[in-house]
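Observations on chain architecture
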Amino acid sequence: MPNEIEIKFRIDNPTALTRALKQADFKQLTPSTHEMNSLYDLPGQKLRKRGELLRLRKYGERWVLTHKAKGSAGRHKARVELETRVENGEQMDAILRALGFEPTFRYEKYRAEWSDGRGDVVLDETPIGNFGEIEGPPRWIDRTARALGIARSDYITQTYAPMFFEWKRRTRSKATEMTFRAVGKKSDLELR
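Each value, and the rule that gives it
Residues numbered from 1 in each chain as written. Predicted model: local features only at pLDDT ≥ 70, side-chain atom pairs only at ≥ 80, totals over all residues. Heavy atoms only, no water. Phe/Tyr/Trp six-rings, centres within 6.5 Å; stacked < 30°, edge-to-face > 60°. Helix = DSSP H or I, 4+ residues; strand = E, 2+ residues; numbered from the N terminus. Buried < 20%, exposed > 50% of the residue type's maximum accessible area, 1.4 Å probe, protein only. pLDDT = per-residue confidence, 0-100. Core = buried A, V, L, I, M, F, W, Y, C linked by side-chain atoms within 4.5 Å. Polar contact = N/O pair within 3.5 Å; in protein donor to acceptor, adjacent residues only side chain to side chain. Contact = heavy atoms within 4.5 Å. Pairing = 2+ DSSP bridges.

Concerning the packing of aromatic side chains
Here the structure, examined in full by the defined rule, presents nine aromatic pairs. Note on Tyr-110 and Phe-180: the rings are 5.8 Å apart at their centroids and 50 degrees apart in plane angle, and the pair reads as tilted. Placement of Tyr-110 in strand 7 (residues 102–115) and of Phe-180 in helix 6 (residues 180–183) is noted, with a sequence separation of 70 residues between them. Neither residue differs from the other here; Tyr-110 and Phe-180 are each classed as buried. Between Phe-131 and Tyr-160 the ring centres are 6.0 Å apart and the planes differ by 70 degrees, which places this aromatic pair in the edge-to-face class. One end of the pair, Phe-131, is in strand 9 (residues 129–135); the other, Tyr-160, is in helix 5 (residues 160–171), and 29 residues separate them in sequence. Taken individually, Phe-131 and Tyr-160 each receive the classification buried, so the pair is uniform in this respect.

Some words on unusual backbone geometry
Despite not being glycine, Gln-45 has its phi angle at roughly 55 degrees, a positive value. Checked against the element boundaries, Gln-45 lands in the loop between strand 2 (27–41) and helix 2 (46–49). Relative accessible area serves as the criterion here: at 25%, Gln-45 is assigned to the partly exposed category. In this structure, Arg-172 takes a positive phi of about 60 degrees despite not being glycine. On the secondary structure map, Arg-172 appears in the loop between helix 5 and helix 6. Classification of Arg-172 as exposed rests on a relative accessible area of 73%.

Some words on the confidence of the model for the protein
Low pLDDT means the predicted atomic positions in that stretch should not be read closely. Across the protein, the average pLDDT comes to 94, with 96% of residues at 70 or higher. Averaged pLDDT values for the elements of the protein fall to 60 in helix 7 (residues 188–191) and rise to 98 in helix 3 (residues 89–98).

Points about the nonpolar core
Ranked by internal contacts, the top residues of the largest apolar core, which has 20 residues, are Leu-21, Val-121, Ile-134 and Leu-148. Secondary structure elements with two or more residues in this core: strand 1 (3–10), helix 1 (14–23), strand 7, strand 8 (120–126) and helix 4 (138–147). Listed in part, the 14 residues of the second largest apolar core include Tyr-107, Ile-128, Ala-161 and Met-163.

As for the side chain of Glu-177
Among the structural elements, Glu-177 can be located in the loop between helix 5 and helix 6. A polar contact of 3.0 Å, which involves the side chain of Glu-177, links it to the side chain of Arg-106. Non-local contacts of Glu-177, meaning those with residues more than four positions away in its chain, are made with Phe-105, Arg-106, Phe-164, Ala-182 and Val-183.

As for the environment of Asn-130
Position of Asn-130 among the secondary structure elements: in strand 9. In this structure the C-alpha to C-alpha distance between Asn-130 and Arg-152, which are 22 residues apart in sequence, comes to 18 Å. Setting aside chain neighbours within four positions, we find Asn-130 in contact with Phe-9, Arg-10, Ile-11, Pro-14, Asp-124 and Glu-125.

Section: the pairing of strand 2
Direction of pairing for strand 2 relative to strand 7: antiparallel, over a ladder of twelve bridges. Within strand 7, the residue paired with Leu-39 across the bridge is Phe-105. The pairing of strand 2 with strand 3 (residues 53–59) spans six bridges and is classified as antiparallel. Counterpart to Tyr-40 in the pairing with strand 3 is Leu-54.

Next up, the structure:
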């Protein structure tokens, strides 16, 4: 089973991080691309209570359905992840609803993907700030983080949903989802 091992971190200076990625021989695989995510659950939040996640993602024009098993969080977050491309996202949404699943949370971002051939680094512009993810083998994650100037104390092992709800409590926002419209913010790409 494919295991996802990753950390997130806050990006304070996207330009400096991009420069560091190039110096570390990372190649940009995709430009910053719009991504909309919907999390689904059964009545009573059965998946969430088990620590699982079911997500339908639209990245550019590509749809992907993902299931993430309950993970473990030490220095890195690790969990089994299964995903597949979906030809028609609207139909997949209808199928999930017909099976009793309901969307429980939506979040969006603009994501750029980078790789050095051993692992991946993604740069996310979200309505609650800029974040990066480093995904790959644990030692590689730590070496890559050091090369990019990211301290272990800066590692984040949460997913975006709890990060959003922490942000919401801190800012007293009335937003119910992590979208640019709900938060009342424009993305840097929308402002260009």
